[in-house]
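Next come the chains, spelled out residue by residue.
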Amino acid sequence: MSQENTLLRPLFMRFRPLKCIRHWWQKSSSRIALAQLPDERLADIGLTRAERDREVARPFWD
């Protein structure tokens, strides 16, 4: 496909929406799991409660 045709395609066709949604879902799931960790487990992975809270508060697309 020529570059001109590629530029004319709608953005959503080049965005790969399913891949993006899967990535967002994984981030959200990871943050939910992180939110449930007790302080002892947070210490094991080198995070403080404040760091965890900041990460959990982030939106799923970030």
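I will try to describe carefully the structure that is included in this document.

Quick look at the overall build of the chain now. Counting its secondary structure elements, the chain contains five helices and zero strands. Counted from the first residue to the last, the chain has its helices and strands arranged as α-α-α-α-α. In the chain, buried positions account for 8% of the 62 residues.

End to end, helix H3 (residues 17-35) covers 27 Å across 19 residues, agreeing with the expected 27 Å (1.5 Å per residue, within 8%). Those residues of H3 lying buried are Cys-20, Arg-31 and Leu-34. Take H3 and look down its axis: the buried residues cluster within an arc of 60 degrees, on one side only. Exposed and oriented more than 90 degrees from the buried face of H3 are Leu-18, Ile-21, Arg-22 and Trp-25.

Procedures and definitions
- Residues numbered from 1 in each chain as written.
- Predicted model: local features only at pLDDT ≥ 70, side-chain atom pairs only at ≥ 80, totals over all residues.
- Heavy atoms only, no water.
- Helix = DSSP H or I, 4+ residues; strand = E, 2+ residues; numbered from the N terminus.
- Buried < 20%, exposed > 50% of the residue type's maximum accessible area, 1.4 Å probe, protein only.
- Expected span 1.5 Å × (residues − 1).
- Arc of directions from axis to C-beta.

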